[in-house]
2 protein chains.
Amino acid sequence: MPDATGQAAPKAKRPTRDERREEILAAATRVFGSKGYHQGSLVDVAAQVGITHAGVLHHFGSKDKLLWEVLEYRDRVDVQHLEGKHIPGGMELFRHLVTTARLNADRRGIVQAYAVLTGESVTDGHPASTWVAERFSVLRGEISQAVRELAAERDVTLPEGEPERAAAAVIAVMDGLQLQWLLDPEAVDLASATGFAIESILTATLGAAVRIAGS
Amino acid sequence: MPDATGQAAPKAKRPTRDERREEILAAATRVFGSKGYHQGSLVDVAAQVGITHAGVLHHFGSKDKLLWEVLEYRDRVDVQHLEGKHIPGGMELFRHLVTTARLNADRRGIVQAYAVLTGESVTDGHPASTWVAERFSVLRGEISQAVRELAAERDVTLPEGEPERAAAAVIAVMDGLQLQWLLDPEAVDLASATGFAIESILTATLGAAVRIAGS
DNA sequence: GCGGGCTTACTTACCAGTAAGTAAGTGTGG
DNA sequence: CCACACTTACTTACTGGTAAGTAAGCCCGC
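Overview of the structure.

Cut-offs and rules
- Residues numbered from 1 in each chain as written.
- Chains lettered and ligands numbered in written order.
- Predicted model: local features only at pLDDT ≥ 70, side-chain atom pairs only at ≥ 80, totals over all residues.
- Heavy atoms only, no water.
- Least-squares fit on C-alpha atoms with pLDDT ≥ 70 in both.
- Contact = heavy atoms within 4.5 Å.
- Core = buried A, V, L, I, M, F, W, Y, C linked by side-chain atoms within 4.5 Å.
- Buried < 20%, exposed > 50% of the residue type's maximum accessible area, 1.4 Å probe, protein only.
- Phe/Tyr/Trp six-rings, centres within 6.5 Å; stacked < 30°, edge-to-face > 60°.
- Lys NZ or Arg CZ within 6 Å of the ring centre and 35° of its normal.
- Axes fitted to C-alpha atoms, helices over the stretch in contact; angles between N-to-C directions.
- Helix = DSSP H or I, 4+ residues; strand = E, 2+ residues; numbered from the N terminus.
- Parallel < 35°, antiparallel > 145°, perpendicular 65-115°, else oblique.
- Nonpolar A, V, L, I, M, F, W, Y, C, P; charged D, E, K, R; others polar.
- Near = heavy atom within 4 Å.
- Polar contact = N/O pair within 3.5 Å; in protein donor to acceptor, adjacent residues only side chain to side chain.
- Expected span 1.5 Å × (residues − 1).

### Concerning the relation of the copies chain A and chain B
In step 1: Aligned on chain B, chain A shows an RMSD of 0.3 Å; the corresponding rotation is 179° and the shift along the axis is 0.0 Å. Both chain copies can therefore be described as sitting about a two-fold axis.
In step 2: Looking at the interface residues of chain A, 100% of them are also at the interface in chain B, so both copies use one shared face.

Below, the structure is given as structure tokens:
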């Protein structure tokens, strides 16, 4: 509807490219989070920012590419509250994990997106599967390293493979608790259950009571 | 699983209604397991038993109903190898959980189906969500009860809510490890990691070393 | 400082593919 | 002979993706 009268209505300023991309990424996170990747359509995403699905493709090229950027976006947002610091080590890391769990209890959308995409990723040929696998691998590396640091601090020598097993268990318990919490928030206290489980695993691994405390 | 599916046999005898239903359920388990519910189509399922998708609908009415029966079917199969017929309690339960994990390492398909459907179920309005939530709830009840039994045996009094927290953590760690194992079987030893994690949680909860041993 | 050309950010229209579901017809075993 | 298992043929509803057109902003010679 070209408006030749010059009677400029509320002149919605056209967003810049980067603003728009950010809007779309946020919308896509919500959509993929609430419907999953396959079930969430580009039309859904587009509707949330008030454009058409072709507009979304203009910015991201394909649905797959959009997913990739959503995943990276999540990482970016996730690290944001980490005050510019790089990933902490030793006990600091576990404190960070519990803190994240506490924060996550108020960010249902993001948790849901992560849970849905992770679950979906084990299907054959899913575009997110390598990302998720890589992520798990990196996390296991970081956490097992932190376990080794703690062991060194306390002069305990760990059996072969023990740090890795503990790391996998820590990640597993966090993911699993998120799932249960999403399905029944009343039944599971995300932060306290996470803290409890991590302390349990560390205590058993290091052979002495471990409290995470802090925060 | 009876039926050798002599699929090329020209004069194969027509399966009875119940045989056919069983075949379809097994096929649907494989399909939903490898592709997820939304991505797995009725055509896929039908092709696996050598009929058309309309034939599947003839037996199950709708895709949603098929999913429901698949879930019930899984329960039925799952309980089959549980000779005793009723769920064990106390330490016996935890032994059973670890044994199941060991068996699962050779049943990738079933594990995948469970993981995919569980993950998918947190999407809005998913037909399996109430089933999964219910399942979690029942499991938490059974496991927390077993924890209480162990505590009583050992004359420890547990803080309020501790059995439930431990139960949630046990379930979480099993689910989470399955996810990691599916994405990278080399990196995670399902059985040993599960045993380790459950022992850790029980030890921390009961305040004394717990070995599950057995099997 | 302003008109023209170029780029950006979309829209509309359409494509081919695939989904679930339905209705009606067909072959066959009992 | 006829109920049932199933197929064929179809509809309706979307999907992601493409092509082409358009309106708005931005830079530049003049």
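We are not done yet, so read on.
### Considering the nonpolar core
In step 1: Residues Leu-66 and Phe-94 of chain A together with Leu-66 and Phe-94 of chain B are the most contacted members of the largest nonpolar core, which totals 129 residues.
In step 2: Each residue touching Leu-66 of chain A, except ones within four places of it in the same chain, is listed here: Ile-24, Leu-25, Ala-28, Phe-32, Leu-42, Val-56 and Phe-60 of chain A.

### Comments concerning the packing of aromatic side chains
In step 1: One pass over the full model with this rule turns up two aromatic pairs over all chains.
In step 2: Between Phe-32 of chain B and Tyr-37 of chain B, the ring centres sit 5.3 Å apart and the planes meet at 65°, which makes this aromatic pair edge-to-face.
In step 3: Relative accessible area serves as the criterion here: at 1%, Phe-32 of chain B is assigned to the buried category.
In step 4: Over the ring of Phe-196 of chain A we find Arg-165 of chain B, and its NZ or CZ is 5.6 Å from the ring centre.

### Description of the packing of helix H5 (residues 90-104) of chain B against helix H8 (residues 162-183) of chain B
In a pair of packed helices, the angle between the axes and the distance between the axes together describe the arrangement.
Residue and element names in this part refer to chain B.
In step 1: Between H5 and H8, the shortest axis-to-axis distance is 12 Å and the interhelical angle comes to 10°. As judged from the angle between their axes, H5 and H8 are roughly parallel. Taken together, the residues of H8 that come into contact with H5 (itself represented by Phe-94, Leu-97 and Asn-104) are Val-170, Met-174, Gln-178 and Trp-181.
In step 2: Split by residue class, the contact of H5 with H8 holds five nonpolar, two polar and no charged.

### A few points about the environment of Pro-163 of chain B
Residue and element names in this part refer to chain B.
In step 1: Topologically, Pro-163 is positioned in helix H8.
In step 2: Here the alpha-carbon distance between Pro-163 and Leu-206, two residues 43 residues apart in the chain, equals 9.8 Å.
In step 3: Those residues within four positions of Pro-163 in sequence are excluded, and the remaining contacts are Ser-144, Val-147, Arg-148 and Leu-158.

### Some thoughts on the protein's contact with DNA strand D
In step 1: As a matter of local geometry, DNA strand D sits amid 21 residues, with His-53 and Lys-63 of chain A together with Arg-20, Thr-52 and His-59 of chain B nearest to it.
In step 2: Here DNA strand D approaches the protein such that, of its atoms within 4 Å, sugar and phosphate make up 68%.
In step 3: In the model, a phosphate oxygen of DNA strand D is placed 2.9 Å from a nitrogen or oxygen of the Lys-63 of chain A main chain.
In step 4: In this structure, a phosphate oxygen belonging to DNA strand D sits 2.8 Å away from a side-chain N or O atom of Arg-20 of chain B.
In step 5: Breaking the surface near DNA strand D down by element, the ones donating at least two residues are helix H2 (42-49) and helix H3 (53-60) of chain A together with helix H1 (17-35) and helix H3 (53-60) of chain B.

### So, the packing of helix H2 (residues 42-49) of chain B against H3 of chain B
Residues and elements named next belong to chain B.
In step 1: Between H2 and H3, the least distance of the axes is 8 Å, while the angle of their chain directions is 95°. By the criterion of interaxial angle, the relationship of H2 to H3 is roughly perpendicular. The residues of H3 that touch H2, namely those facing Leu-42, Val-43, Val-45 and Ala-46, are His-53, Val-56 and Leu-57.
In step 2: Residue composition of the contact of H2 with H3, by class: six nonpolar, one polar and no charged.

### Examining helix H6 (residues 108-120) of chain A
Residue and element names in this part refer to chain A.
In step 1: With 13 residues, H6 ought to run about 18 Å at 1.5 Å a step, and its terminal C-alpha atoms sit 18 Å apart, in line with that.
In step 2: For H6, the buried fraction is high: 10 of the 13 residues fall into the buried class.
In step 3: Where H6 is concerned, the buried positions are Val-111, Gln-112, Ala-113, Tyr-114, Ala-115, Val-116, Leu-117, Thr-118, Gly-119 and Glu-120.

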